[in-house]
Each structure stands twice: as C-alpha cells, then as structure tokens.
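Coordinates in review
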Amino acid sequence: MTDQELNRAVQYVTASTSYGRDMVAEILKTGLSEMTALVMQTSEQFERDVLLEYVCQWTIKRTGYPEPLIREVLGCASRWLDEVYEEISKRQPEALGLSSDDDDDDKGAEPV
C-alpha cells in the first residue's frame, strides 16, 4: 500500500467517523503494517477472518485504544484491509494457505 492510498484510507475513515485524523492514522498504520509484517515473516497459514481478528487484537494492544474504537476504525477501512490482504495473497499465496493457481481454475484448459 502506498502512502497516497493510506492517506486516502485515513481521510475516508476520518470523514466517516467522529475520530481525529491522527488517531485514525495511528490505528490504520499499526494494523496494516502488522498485517503485512505477519504474513511476510511467517510460514503459518491464515484465513482472512483469522488474520483480520489478529490484526484487530494486535492494534488494540499496540495502540492502547479501546476495542470498540479499533473495530469501528478497521471496519470502516475494510476495503483497504481487503486490498492489502489480496495483495499479500498474490505475493505470498503459500503463507495464506493458497496454492498459486487458486485464482485461475481454468489454467491449462483448452479454449472454447
């Protein structure tokens, strides 16, 4: 995720909630960076929901903000979290428990 994309996510969540930009930015940066680091540094297999729950819990512990706040901010940013997850799954499919051809079920099939 680029800085520009992160800034768009922060702007969107800030406008969608009553929370300040600095708080939203801290939560999103913490959650997204942990999500990326975890998947890139481990050989564990993660389903999307499990990974997002871990990121939520990590962000709560790391920032010290209350759980409802973290869940609301990350929930508003779900589109960007999904984009990061998809990007990670393309780069590290084995880390997510996917085979490299999961996205292309017709690979090698004869044209119709």
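To keep things clear, this report deals only with the structure shown in the data block. (Residues numbered from 1 in each chain as written. Predicted model: local features only at pLDDT ≥ 70, side-chain atom pairs only at ≥ 80, totals over all residues. Heavy atoms only, no water.)

**Brief notes about the overall build of the protein**
Within the protein one finds 5 helices and 0 strands. Starting at the N terminus and ending at the C terminus, the protein contains elements arranged as α-α-α-α-α. With 112 residues in all, the protein has 34% of them scored as buried. Considering only intrachain contacts with a sequence separation of at least 6, the fraction spanning at least 24 residues in the protein is 61%. When the accessible surface of the protein is totalled, it reaches about 7,200 Å², and 46% of it is carbon and sulfur. (Helix = DSSP H or I, 4+ residues; strand = E, 2+ residues; numbered from the N terminus. Buried < 20%, exposed > 50% of the residue type's maximum accessible area, 1.4 Å probe, protein only. Contact = heavy atoms within 4.5 Å. Areas by Shrake-Rupley, 256 points an atom, 1.4 Å probe, with all protein chains shown as cover.)

**As for the packing of helix H3 (residues 48–63) against helix H4 (residues 67–76)**
Where H3 meets H4, the closest approach of the two axes is 10 Å, and the angle between their N-to-C directions is 130°. It follows from the interaxial angle that H3 and H4 lie oblique. As for how H3 packs across H4, the hand of that crossing is right-handed. Along its contact with H3, which presents Glu-53, Cys-56, Gln-57, Thr-59, Ile-60 and Thr-63, the element H4 presents Glu-67, Ile-70, Arg-71 and Leu-74. The residue inventory of the contact of H3 with H4, partitioned by class, reads 4 nonpolar, 3 polar and 3 charged. (Axes fitted to C-alpha atoms, helices over the stretch in contact; angles between N-to-C directions. Parallel < 35°, antiparallel > 145°, perpendicular 65-115°, else oblique. Left-handed = near helix turned anticlockwise from the far one by under 90°. Nonpolar A, V, L, I, M, F, W, Y, C, P; charged D, E, K, R; others polar.)

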